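A closer look at the structure
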Amino acid sequence: MTLSDYHRSEVEEAFSVFTELVRRGELDSASELYRTYRDDPEIARLVDDVFLAGINCAAVRAEETYHLVPAPGDSPLAMSNAELRAALKARNNTEMYVGMFVILCLISLLYTDEGSVSKSTYVSAKRLEEYVTDRLKRVAEPVDAEMAAEIESVGEECEYQLGDIAAHWLDLPVYDESLQQPLRSWGNRFSFILRVARFLEEGGFLRTVEERDLYPTGKLNAVVTQYYPQPENRERLLDLVRDLGRETDA
Amino acid sequence: MYLFRPLLDLERSQTFAGYDLVSLGLATLLFILENMLQSPGKPCGHAEIRRFLRRTMRDMHGEDPGEETAGEMEEYLLERLRNGGRRFSYSYADPGEGGAEDVTFELIAVDDYEHEGRWVSFKLTEHGLELIFRTREMSRELRVGIYQLYLRQQLERGTFDGALEALEALQMEVRSQLERLDNFEYRIYHSLRSVRPEEFRRQYERTREVLEAEQRQFQHLKALIESERRSRENITAPTEVDLRALYQLKMIEQELNRVSNEHSRLLARRMGVDNLLLRELRAEVQKGFRVRFRPEDELLDPLLSRPDAGAERVRGAVESLLHPRLPTYFNPLKSMHRQVLWGAAEEESEEIEEVIDGELEEEAGRLNSERRCIRYLSAVARLALRGSTFTLRELLRAQPEDERLTMSRCRDFFQLMMHLHQEGGLDIEGIMRGRDAWLDSGDLPVPYLVSRALEDFQTLPPSLKVAAGDEILSFSNGNYISNLVFAAAEGEDDLE
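The structure displayed is predicted, hence computed values, not measured ones.

Looking only at helices and strands, chain A features 11 helices and 6 strands. Within chain A, buried positions represent 52% of all 250 residues. Here the analysis covers contacts within chain A between residues at least 6 apart in sequence; of these, 54% occur between residues at least 24 apart. Summed over its atoms, the accessible surface of chain A is roughly 11500 Å², and 46% of this surface lies on carbon and sulfur atoms.

A few words now on the packing of aromatic side chains. All names here are of chain A. Scanning the model with the defined rule gives 13 aromatic pairs over all chains in all. Here the aromatic cluster, defined as three or more aromatic residues joined through ring pairs, consists of Phe15, Phe18 and Phe51. The ring of Phe205 carries Lys219 above its face, with NZ or CZ at 4.5 Å from the centroid.

What follows concerns the side chain of Glu20 of chain A. Counting through the fold element by element, Glu20 of chain A comes out in helix 1 (residues 8-24). In contact with Glu20 of chain A, other than residues within four places in its own chain, are Gly25, Glu26, Leu27 and Leu33 of chain A.

This part takes up the pairing of strand 10 (residues 485-488) of chain B. Where strand 5 (residues 390-391) of chain B meets strand 10 of chain B, 2 bridges bridge the pair, whose relative direction is antiparallel. Counted as the bridge partner of Phe390 of chain B is Phe486 of chain B from strand 10 of chain B.

Residues and elements named next belong to chain A. Put simply, helix 4 (residues 81-88) and helix 9 (residues 189-202) touch, their axes get as near as 9 Å, and they point 105° apart. On the basis of the axis angle, helix 4 is roughly perpendicular to helix 9. In this structure, helix 4 uses Leu84, Ala87 and Leu88 to contact helix 9, whose residues at the interface are Val196, Phe199 and Glu202.

What follows deals with helix 17 (residues 411-423) of chain B. The end-to-end C-alpha separation of helix 17 of chain B is 18 Å, in line with the 18 Å expected for 13 residues at 1.5 Å each. Positioned one or two residues after helix 17 of chain B, Gly424 of chain B has a phi angle of 80°, which is positive.

Here the focus is the sheet that holds strand 6 (residues 213-216) of chain A. All names here are of chain A. Taken in spatial order, the 3 strands of this open sheet run 4-6-5, and their pairing is antiparallel. Each edge of the open sheet is held by one strand with a lone partner, namely strand 4 (123-124) and strand 5 (206-209). Across 2 bridges, the pairing between strand 4 and strand 6 is antiparallel. Paired with Val123 across the strands is Leu214, a residue of strand 6. Its contacts with the sheet put helix 9 on strand 5 and strand 6, and the angle it makes with strand 5 is roughly 135°.

Residues and elements named next belong to chain B. Enumeration according to the criterion identifies 27 salt bridges over all chains in this entry. Residue Arg230 pairs with Glu226 through a salt bridge whose shortest N-O separation is 3.0 Å. In this pair, Arg230 and Glu226 both sit in helix 9 (residues 208-233), 4 residues apart, roughly one turn of the helix. The class of Arg230 is partly exposed, set by a relative accessible area of 46%.

Take the nonpolar core next. Residues Phe101 and Leu128 of chain A are the most contacted members of the largest nonpolar core, which totals 65 residues. Contacts of Leu128 of chain A, omitting those with residues within four sequence positions, involve Val102, Cys105, Leu106, Leu109, Val123, Ile193 and Leu214 of chain A. Ranked by size, the runner-up nonpolar core spans 37 residues in total, among them Met407, Cys410, Phe414 and Tyr448 of chain B.

All names here are of chain B. Judged by side-chain charge, Glu68, Glu72, Glu75 and Glu79 come together as a negatively charged surface patch. Along the chain, the position of Glu79 falls in helix 4 (residues 66-81). Judged by relative accessible area, Glu79 falls into the partly exposed class, the value being 47%.

Residues and elements named next belong to chain A. Strand order across the open sheet formed by 3 strands is 1-3-2, with antiparallel pairing between neighbours. The two strands at the open ends of the sheet, each matched to only one other strand, are strand 1 (26-28) and strand 2 (57-62). Neighbouring strand axes in the sheet, compared pairwise and without regard to direction, differ in orientation by 20° on average. As paired strands, strand 1 and strand 3 (residues 65-70) are joined by 3 bridges and run antiparallel to one another. Considered in strand 3, the bridge of Glu26 is made with His67.

Conventions used here
Residues numbered from 1 in each chain as written. Chains lettered and ligands numbered in written order. Predicted model: local features only at pLDDT ≥ 70, side-chain atom pairs only at ≥ 80, totals over all residues. Heavy atoms only, no water. Helix = DSSP H or I, 4+ residues; strand = E, 2+ residues; numbered from the N terminus. Buried < 20%, exposed > 50% of the residue type's maximum accessible area, 1.4 Å probe, protein only. Contact = heavy atoms within 4.5 Å. Areas by Shrake-Rupley, 256 points an atom, 1.4 Å probe, with all protein chains shown as cover. Phe/Tyr/Trp six-rings, centres within 6.5 Å; stacked < 30°, edge-to-face > 60°. Lys NZ or Arg CZ within 6 Å of the ring centre and 35° of its normal. Pairing = 2+ DSSP bridges. Axes fitted to C-alpha atoms, helices over the stretch in contact; angles between N-to-C directions. Parallel < 35°, antiparallel > 145°, perpendicular 65-115°, else oblique. Expected span 1.5 Å × (residues − 1). Salt bridge = Lys/Arg side-chain N within 4 Å of Asp/Glu carboxyl O. Core = buried A, V, L, I, M, F, W, Y, C linked by side-chain atoms within 4.5 Å. Patch = residues over 30% accessible without salt bridge, like charges linked within 9 Å, V, L, I, M, F, W, Y side chains within 5 Å. Lys, Arg positive; Asp, Glu negative; His and termini not counted. Charge placed at Lys NZ, Arg CZ, Asp CG, Glu CD.

The values are spatial; any link to function lies outside them.
Have a look at this one:
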């Protein structure tokens with residue numbers, strides 16, 4: 001089907017859906033456009049395959065709301081590193097990357113079972129801390145000398161590597177008893193996790209209970225269990241985690 | 001209880017050992033009922049029952065009993081359930097009133113027959129219906145219809161107590177169906193996978209046609225009640241019995257209206273759920289043959305298997321979990337507007353246009369502004385390092401000619417100064433230790449700017465207090481600001 005097969009009003013309506021999504025970041029059932037998008041496959045196809053694909057984004061539905069999410073890879077709507085630092089309130093790129101790594105570990109812990117069901121309804125900050133530490137220790141202490149040599153040689157080409165993330169994280173104390181407000185610090189692992197959790201909370205992905213337990217929201221579920229597994233996304237993600245290092249411009 | 005006797009008696013039968021005759025008997029009654037519910041009444045004769053029994057026996061025992069056995073079974077069951085053509089007659093003790101009471105009834109009657117073709121069709125009698133009604137041994141899908149039928153009979157017979165009771169059952173059934181539909185809908189929403197195939201089937205069996213037929217039945221019932229009521233209202237000298245009946249009829253009418261309204265909702269909801277189901281199924285199919293997705297296997301492990309590569313990969317893996325940057329200025333329709341030079345709308349002098357010459361893109365402008373703010377902040381920090389108190393005027397004087405002009409002309413310097421003034425100072429130590437509240441003021445991410453400005457500093461300047469001075473400075477861009485006084489803060493507490 002080419003664009004000329006669409007009726008003018010369909011294109012206009014699809015465009016309204018698109019602008020609404022991009023303007024507010026979501027589309028909920030209170031909006032008339034929600035039904036249009038949900039119920040009319042032609043319009044949905046226009047929105048998804050033409051407009052959203054054009055800015056490399058997707059709309060992921062969780063319960064009765066569509067959320068706009070940037071697709072893996074470059075999207076004009078993805079935050080720049082500077083913006084991401086500001087949103088995370090990180091002071092430098094290292095902290096930012098460690099933050100991203102914590103998020104990755106969080107979803108690894110939460111979604112361990114197949115498809116739609118997450119095995120854990122929540123993850124405690126403690127368990128997440130142990131998991132991140134465990135994973136990063138393996139990076140910091142390469143299994144064999146050959147690997148170590150490889151890290152050494154390739155490492156120089158890139159500005160930031162996993163090793164930096166590991167070094168930064170492992171240098172931090174696990175917990176700082178003296179802090180009155182753990183959320184204000186980057187200086188220990190627990191504060192770090194809480195800050196990342198708050199960042200995700202602001203994005204509507206997580207709920208933190210008692211500054212201790214992290215509960216995924218429907219939005220997080222939707223992205224990880226519906227959006228990520230789609231074959232094309234899966235492929236892109238895999239390409240990203242395997243290869244992007246070569247062309248990084250961090 | 002007596003109604004059950006013919007069925008229970010089947011249990012004692014020695015014929016057809018190995019078959020559960022009670023179940024088969026009940027099934028036969030249900031089969032006849034089912035045919036009655038199809039409108040217009042589908043014929044249900046010996047041949048139909050025989051086929052039904054053969055199917056049922058095969059399902060029960062896993063092997064086909066054969067035409068002959070099924071025929072014998074049909075003959076036997078109908079014989080027993082119709083008591084060889086005689087009415088059943090039992091006498092039972094009535095504990096309420098004492099003594100014994102005789103009851104006679106039949107369960108199955110002939111609905112229609114054709115002598116020439118030697119063919120008859122059966123129907124359930126009122127007692128047969130009541131038996132089914134009492135057992136509640138009927139598929140959910142048919143319940144509403146059965147209750148309606150039962151209600152109709154009660155009405156026709158003029159037993160309004162029974163009618164009210166039937167209405168209650170009807171109402172409960174409609175409500176529980178609404179509830180199940182709600183539940184079903186919720187589960188579809190939540191995850192299509194949690195809905196079992198039997199459930200799909202059950203929901204689909206209860207098709208729209210059934211619901212619509214039930215709706216029509218409600219209309220008939222309403223008409224029936226109305227005519228009944230009318231006829232009683234016209235009685236000139238009503239007896240007490242008539243009045244009571246009239247009262248009951250009104251109640252029944254009210255209740256029936258209520259049930260029928262709820263039933264209409266059922267129909268509407270049902271259509272909604274159908275649409276939802278189709279859409280979700282489509283979505284599920286689109287997802288393809290997804291097996292499983294474990295972020296640990298698919299993202300984390302591949303990432304960690306190449307520790308040498310850049311950290312940017314980590315970001316790629318979670319990109320979709322970072323909220324998109326929603327540009328406030330993003331309005332595609334603006335592409336239709338006439339292009340205007342950035343800043344030209346500000347009615348500023350030509351000098352401003354020189355400063356921002358070529359900065360057509362807002363992004364570039366923003367980055368430049370950020371860079372300038374970082375310069376201003378390091379200028380402030382350099383002066384602060386000297387240890388003494390200084391004013392805004394001194395700050396400006398300490399700058400090279402070009403920089404001073406920029407400060408005076410661009411709005412961002414003015415904004416930054418206003419921000420510092422409003423905040424009452426700059427908690428440099430706090431910011432560098434990450435303890436600051438990180439309160440962004442509008443477009444100015446001050447803590448971030450400060451940390452960038454101080455990147456090259458060997459020693460950290462002290463935190464500053466900023467207070468209004470005693471004179472007003474005016475900038476060449478038309479802004480006025482107090483000649484701010486910057487002083488080193490004595491303790492952190494001053495700022496908090």
